[in-house]
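So you can see what is in the structure, the chains are spelled out below.
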Amino acid sequence: MKRYLEVENLSFSYAQRKILDKLTFGVDQGELVGAIGPNGAGKSTLLYLLAGLITPEGGEIVLGGERAKHLSRRRWSKKVAMVFQEIPPDLEIPSRELIAMGRFPHLGRWQREGEIDEEKITWAMEVTSTSSFSDRMFSELSGGEKQRVMIARALAQEPELLLLDEPTSHLDILHQLEIMEILLQLRREGVAIVAVFHDLNLVSQFCDKTLLLKEGKLLSFGKVEEVMKAEEVEKLLQVEFLETIHPFSLRPFFMPLQKINNNPSRGRVHLICGGGSGSRFMKELLEAGFSLSLGVVNQLDSDEELARKLGIPLVQEKPFSLFSSSVVEEAYQLAKKADFIVVVPTYWGRGNLPNLDLAERLVKEGKIVLILEEVLNPRFDYTEGKAQEKLKKIIEEGGKVVKDLSTYLSASS
Amino acid sequence: MNTKSRGGLTYLRLLVLVLASIFLAQGWGGGRYNISHSLSLFFLSPLSPSERIILFEIRLPRIILSFLVGGSLSLGGGVLQGIFQNPLVDPYVLGISSGASLGAVFAILSGVYLGYFTVPLFAFGGALLSAFLVFYLGKIGKRFPLEILLLAGVGVGFFFSALVSLGMFLAGEDLHQLVFWTMGGFWNSSWQKVKMILPFLLIGVPILLSFFRELNAFLLGEKVAESMGVEVEKVKKWLLFLVSLLIASAVAVSGVIGFVGLVVPHLVRLLGTRDHRYLLPFSFLLGGGVLLWADTLARTILSPVELPVGIITNLLGAPFFIYLLRARKKNL
């Protein structure tokens, strides 16, 4: 598709403060660009500049080959329409009339609305599925319906570039997806779209490109798959994320990690876990003020990924491999430093059975080894009873079976 | 679609009401209704020369003038409420009433005489002076922020009102003339006064009506309007200028008549019209009709004594308006 929007070295200052600093990027026809950034990064300011509502301090905006600073207000509004973050107060106006207001730049002062105007209004209402309530008052509509009417109003301008400032922020998930569907439809019709979002995943799922904006500077700009990496997004938003792949869209999907009280004061726990069983306990123990260590776990195991993310010291083995004796020895050295060893429910196979030998060795040396009651359930055992035997042995040597980890730990300290 | 045909119907109804009002008001005088006076609009023949003077040189210009003034005030009020997005705004918000009063007070007290139009001319000058002073004070850079403009209007209004009060305090035997002028009325109506304000109406009214799309866009907020192609600051400047001219000319020939300009646009809204394409012309027609009837009451109810029309508009209009408001229980 052809390049529509060209932004070069665009800068803006307000009250001697630099809001935007030399942004350069381009948007093609039929391209959906999602802008992300923390509050105050200058996202709304960027949209205002592109809509011609404020004058840049420096730089250039080119719209469809025309330098924007030479455009009259009316011409600019024929090319660019904007959907604002705030939905106007309750207006006693039928939705259709409100949408029809978008024809403003196409109508002369003494000109009446004609057939073309009717057509464009009908098109705008069809794209946004607002035809069914065209006669209802705007004030009577739900939040999602109001937002769609506002988008239809912008579309009535027949924009070549559509700007949207957090169009989904007041909406529930169903209505968020409705809005995204509308944007995808417009994208297919060749409209260039730049939209600000708070939700990373809406951008990663639906947008072609993303624009990461931080403190007025362009952190990066490009295809979603290339730009949206966990480290990049973390740098942008100052929050840690777990990045996975959305199983259906195959786009990156980000899960924020909770900020955890990180002043361990109640001792150290070594977890024996795997296959995702440990995550619940990691959270619980960290929040309770323990420090953690982990192992042995296989690489690519979800427990391993989470622990690495959280900076928990761990001992790892290659994916899907039997734990080698050298690795188990390494885990022993790590676990020795802990005050408690905790065995949590996980499936036992040939590969991870050495973890139970590790626990046995430690309990024999007098370490406190806790086994969650559920671990003893034979359904976890895929070693024809070997795991069960080893667990029994550990209990004989002094391992404690506990029903609930947190009650035990709070009682013990 | 259906709103358009409904709009057309209301247009027709209002026009018929206005014409009927002129017809009926022509027959009212000296506390009585006389159908032959109304009919004289169509059949001149049976009138005596003195009757002809009363009906066509005194009563008819007065009816027309009250209609035009009422229409101007209501249209001006409707436009200003649309610009300011504030239901409490009336046409005098730019200090025009106190400016006009000050001009009139000056003309009466100074004894300057420039012919029949002395007082209206000074009132007109005073009104424009205050409006431009408010623009000047309310301007920041190239923009007219609405709150600043409103506050500037209040400030200038108070200052000029103080000068008017000072003038009244020092007026001596001219006091009653001043008081009458500030109450507003159509005692000295004539075709000359109609001719004086007609040019302002002929230019101002159609242009103001043509701004309906801009005013509709303002309903969505100034930023949205701007993004839709409305040159907000330029439009505001033009509208304020035209409204000032229109209101200044109305005040110059009638004095300060309150309530009509504030309330009539709300009446039109309460009756279900919010689209400025209709709201503005309906306000003009309804406002004209309302003031025409108020003045007819003012000159007949205590005949031969005439009441200042402002008393009638406030006395009857306020309770009716509050009744409508309560009955609809809707936001303005």
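Everything that follows concerns the structure shown earlier in this document.
The model shown is predicted, which means the values in this text are computed figures rather than measured ones. (Residues numbered from 1 in each chain as written. Chains lettered and ligands numbered in written order. Predicted model: local features only at pLDDT ≥ 70, side-chain atom pairs only at ≥ 80, totals over all residues. Heavy atoms only, no water.)

## Notes on the nonpolar core
- Membership of the largest hydrophobic core comes to 181 residues, with the highest contact counts inside it found for Leu5, Leu63 and Leu162 of chain A together with Phe84 of chain B.
- Counting residues in each nonpolar core, the second largest holds 51 residues, with Cys273, Leu334, Val342 and Leu353 of chain A among its members. (Core = buried A, V, L, I, M, F, W, Y, C linked by side-chain atoms within 4.5 Å. Buried < 20%, exposed > 50% of the residue type's maximum accessible area, 1.4 Å probe, protein only.)

## Description of the packing of aromatic side chains
Residues and elements named next belong to chain B.
- Enumeration over the complete set of coordinates arrives at 20 aromatic pairs over all chains.
- On the basis of an interplanar angle of 40 degrees and a centroid distance of 6.0 Å, the ring pair of Phe23 and Phe42 is categorised as tilted. Here Phe42 lies in the loop between helix H2 (35-39) and helix H3 (49-84) and Phe23 lies in helix H1 (residues 2-27), a separation of 19 residues in the sequence.
- On the accessibility criterion, Phe42 (58% relative accessible area) is exposed.
- One aromatic cluster in this structure is built from Phe132, Phe135, Phe144, Trp238 and Phe241. (Phe/Tyr/Trp six-rings, centres within 6.5 Å; stacked < 30°, edge-to-face > 60°. Helix = DSSP H or I, 4+ residues; strand = E, 2+ residues; numbered from the N terminus.)

## As for the interface of chain B and chain A
- Taken together, the contact pairs 25 residues of chain B with 30 residues of chain A.
- Buried surface at the junction of chain B and chain A, summed over both partners, amounts to about 2,500 Å²; 59% is from carbon and sulfur atoms.
- In this assembly, chain B and chain A are joined by three salt bridges.
- Here Arg109 of chain A makes a salt bridge to Glu214 of chain B, at a shortest N to O gap of 2.5 Å.
- The interface formed by chain B and chain A contains nine residue pairs in polar contact (both at pLDDT 80 or more).
- Taken together, the elements giving at least two residues each to the side of chain B that touches chain A come down to H1, helix H8 (191-210), helix H9 (212-218) and helix H10 (222-227) of chain B.
- Looking at the side of chain B that touches chain A, its residues break down into 10 nonpolar, five polar and 10 charged. (Contact = heavy atoms within 4.5 Å. Buried area = accessible area lost by both parts, 1.4 Å probe. Salt bridge = Lys/Arg side-chain N within 4 Å of Asp/Glu carboxyl O. Polar contact = N/O pair within 3.5 Å; in protein donor to acceptor, adjacent residues only side chain to side chain. Nonpolar A, V, L, I, M, F, W, Y, C, P; charged D, E, K, R; others polar.)

## Considering unusual backbone geometry
All names here are of chain A.
- Residue Val296 is reached from Gly295 by a cis peptide bond, and omega for that bond is 0 degrees.
- One can find Val296 in strand E14 (residues 291-298).
- Its identity as a non-glycine residue notwithstanding, Asn9 has a phi of 50 degrees, on the positive side.
- Within the secondary structure, Asn9 is located in strand E1 (residues 3-14).
- The class for Asn9 is partly exposed, based on a relative accessible area of 43%.
- Its identity is not glycine, yet Leu300 carries a phi of approximately 75 degrees, on the positive side.
- Relative to the elements of secondary structure, Leu300 occurs in the loop between E14 and helix H11 (302-310).

## Quick notes on helix H4 (residues 96-110) of chain B
Residues and elements named next belong to chain B.
- Given a rise of 1.5 Å per residue, 15 residues ought to cover 21 Å, and the 21 Å separating the end C-alpha atoms of H4 matches this to within 8%.
- Among the 15 residues of H4, 12 are classified as buried, and the element is accordingly described as predominantly covered.
- Within H4 the residues assigned to the buried category are Ile96, Ser97, Ser98, Gly99, Ala100, Ser101, Leu102, Gly103, Ala104, Val105, Ala107 and Ile108.
- Buried-residue contacts for H4 involve helix H5 (118-138), helix H6 (146-169), helix H7 (175-183) and helix H11 (232-254).
- Backbone geometry just downstream of H4 places Gly111 in the positive-phi region, at approximately 75 degrees. (Expected span 1.5 Å × (residues − 1).)

## Digging into the environment of Leu409 of chain A
Residues and elements named next belong to chain A.
- Mapped onto the fold, Leu409 is located in helix H15 (residues 405-412).
- A relative accessible area of 3% means that Leu409 is categorised as buried.
- Between the alpha carbons of Leu409 and Leu50 there is a distance of 58 Å; along the sequence they are 359 residues apart.

## Considering the pairing of strand E15 (residues 314-317) of chain A
Residues and elements named next belong to chain A.
- On E15, burial follows the alternation: Val315 and Glu317 on one face are buried, whereas Leu314 and Gln316 on the facing-out side are not.
- Where E14 and E15 come together, four bridges link them in parallel fashion. When the sheet's bridge partners are listed, Leu294 is paired in E15 with Leu314.
- Traced from E14 through H11 to E15, the parallel crossover comes out right-handed. (Pairing = 2+ DSSP bridges. Right-handed = clockwise from strand over helix to strand, strands pointing away.)

## Re the environment of Pro252 of chain A
Residues and elements named next belong to chain A.
- As for its position among the elements, Pro252 is in strand E12 (residues 252-256).
- Separated by 49 residues in the primary sequence, Pro252 and Val203 place their C-alpha atoms 9.7 Å from one another.
- Filtering out sequence-adjacent residues up to four positions away, Pro252 remains in contact with Asn201, Ser204, Gln205, Val224, Met228, Glu243 and Thr244.

## Remarks on the sheet that holds strand E6 (residues 80-83) of chain A
Residues and elements named next belong to chain A.
- Strand order across the open sheet formed by six strands is E6-E7-E8-E3-E9-E10, with mixed pairing between neighbours. Each having just a single partner strand, E6 and strand E10 (217-223) make up the two edges of the open sheet. Looking at each pair of strands side by side, their axes are set apart by 15 degrees on average, direction ignored.
- Pairing between strand E7 (residues 161-165) and strand E8 (residues 192-196): five bridges, direction parallel. Note that in E8 the partner of Asp165 across the bridge is Val196.
- Across the sheet, helix H5 (residues 143-155) touches E6 and E7, and the angle it forms with E6 is around 170 degrees. (Axes fitted to C-alpha atoms, helices over the stretch in contact; angles between N-to-C directions.)

## Notes on the sheet that holds strand E16 (residues 340-343) of chain A
Residue and element names in this part refer to chain A.
- Pairing within the open sheet is parallel, and its six strands lie in the order E15-E14-E13-E16-E17-E18. At either margin of the open sheet sits one strand with a lone partner, and together these are E15 and strand E18 (400-402). The average angle at which neighbouring strand axes cross in this sheet is 20 degrees, direction not considered.
- Packing of helix H12 (residues 325-336) onto the sheet brings it into contact with strand E13 (268-272), E14, E15 and E16, and relative to E15 it is tilted by some 170 degrees.

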